[in-house]
Structures are given as C-alpha cells and as structure tokens.
Amino acid sequence: MADTDPDELERRIARTRAELAQTVDAIADRVSPKRVAQRGVEEVKSRAEHFVSSVGDIVGVTPRPVRFGDNPDDLWEDEQPSLGPALIAVGAVLVIGAALVLWKRRRRG
C-alpha cells in the first residue's frame, strides 16, 4: 500500500525532479561553449608548461614563472643559459636529415 500513498509518490516525484535538474545542469555546464573553451585553454597551458619544462631539461635551465610587469633584465637571476648545446643538436639533426634526403635521391637515380 506504500506504493499508492499519494504523499510518498509526491516525495518520489520531487526527489526525481531534483535529481533530473541536477543532471541537466551538469550536462549544460559540461557542454557550454565557455566551459569547453576554458578546458581547451587549460589543456594548452598544461602542454605548454610541459614543453617548456622539457626544453629546460634539455638546455639545463629550470624555468621560472614570468609575471606581467617583470623586468626583462631580471629574468636570468643566476646565469643566462648556454644555447650552444641546443644549437649543436639542431644542427646535427639538420645535417642528418639532409644526408638522408641526399642518400634517398641517389638510391632512386
């Protein structure tokens, strides 16, 4: 007889409506263009931070956050990084790439 009690049915309906409203709000929040763009920006920032950290590891420099209004002369407090190893690596990659291209062209001809 509890299933046919009007007060119990009204409570169930009210609870179901509240749950449905929460679900609809969560879906609307998830697909809203503002939230989608915000998640995209956060992902790009995360990837950029990872890339900067990786480059810093290669060059041997630990990146420090730069804020708007920082004096550019004070960005390298200890010592400016040596770009020599990075430039040598880039040059080596270019030379190897050019050698591979020339080797493939000679093989074809």
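No experiment lies behind these values; they were computed from the predicted model shown.

Engineer: It is not clear to me how the overall build of the protein chain should be interpreted in this structure. Could you clarify?
Structural biologist: When helices and strands are tallied, the protein chain shows three helices and zero strands. Along the chain direction, N to C, the helices and strands of the protein chain fall in the order α-α-α. Every one of the 109 residues in the protein chain was classed for burial, and the buried ones make up 2%. With an accessible surface of roughly 10,300 Å², the protein chain has 60% of that area assigned to carbon and sulfur atoms.

Engineer: Before we go on, may I ask you to explain the UniProt feature "transmembrane region" (unreviewed entry) in the protein chain in this structure?
Structural biologist: Here, the residues flagged by UniProt with the feature "transmembrane region" (unreviewed entry) are residues 83-103. In residues 83-103, the share of helix is 95% and the share of strand is 0%. The end C-alpha atoms are 30 Å apart.

Engineer: I would appreciate a short explanation of the confidence of the model for the protein chain in the present structure.
Structural biologist: Per-chain confidence: the protein chain averages 82 in pLDDT, with 79% of residues scoring 70 or above. Per-element confidence in the protein chain is highest for helix α1 (residues 6-31), whose mean pLDDT is 92, and lowest for helix α2 (residues 33-59), whose mean pLDDT is 82.

Engineer: What exactly am I supposed to notice about a positive patch on the surface here?
Structural biologist: A cluster of basic side chains, namely Lys104, Arg105, Arg107 and Arg108, defines a positive patch on the protein surface. The residue Arg108 is located in helix α3 (residues 84-108) in this model. Under the relative-accessibility criterion, Arg108 is labelled exposed at 71%.

Engineer: Is there a simple way to explain the pattern of salt bridges in this structure?
Structural biologist: One side chain can pair with another of opposite charge once the charged atoms of both are near each other. For the structure shown, the criterion picks out four salt bridges. Glu8 is paired through a salt bridge with Arg11; the nearest N and O atoms lie 3.0 Å apart. Of this pair, Glu8 and Arg11 both sit in helix α1, three residues apart, which is roughly one turn of that helix. On the basis of relative accessibility, which here comes to 23%, the residue Glu8 falls in the partly exposed class. For Arg11, a relative accessible area of 47% translates into the label partly exposed. When the shortest N-O distance is used, the salt bridge between Arg12 and Glu8 registers 3.5 Å. Within this pair, Arg12 and its partner Glu8 are both found in helix α1, separated by four residues, close to a single helical turn.

Conventions used here
- Residues numbered from 1 in each chain as written.
- Predicted model: local features only at pLDDT ≥ 70, side-chain atom pairs only at ≥ 80, totals over all residues.
- Heavy atoms only, no water.
- Helix = DSSP H or I, 4+ residues; strand = E, 2+ residues; numbered from the N terminus.
- Buried < 20%, exposed > 50% of the residue type's maximum accessible area, 1.4 Å probe, protein only.
- Areas by Shrake-Rupley, 256 points an atom, 1.4 Å probe, with all protein chains shown as cover.
- UniProt positions renumbered as here; feature names shortened; annotations may be inferred.
- pLDDT = per-residue confidence, 0-100.
- Patch = residues over 30% accessible without salt bridge, like charges linked within 9 Å, V, L, I, M, F, W, Y side chains within 5 Å.
- Salt bridge = Lys/Arg side-chain N within 4 Å of Asp/Glu carboxyl O.
- Lys, Arg positive; Asp, Glu negative; His and termini not counted.
- Charge placed at Lys NZ, Arg CZ, Asp CG, Glu CD.

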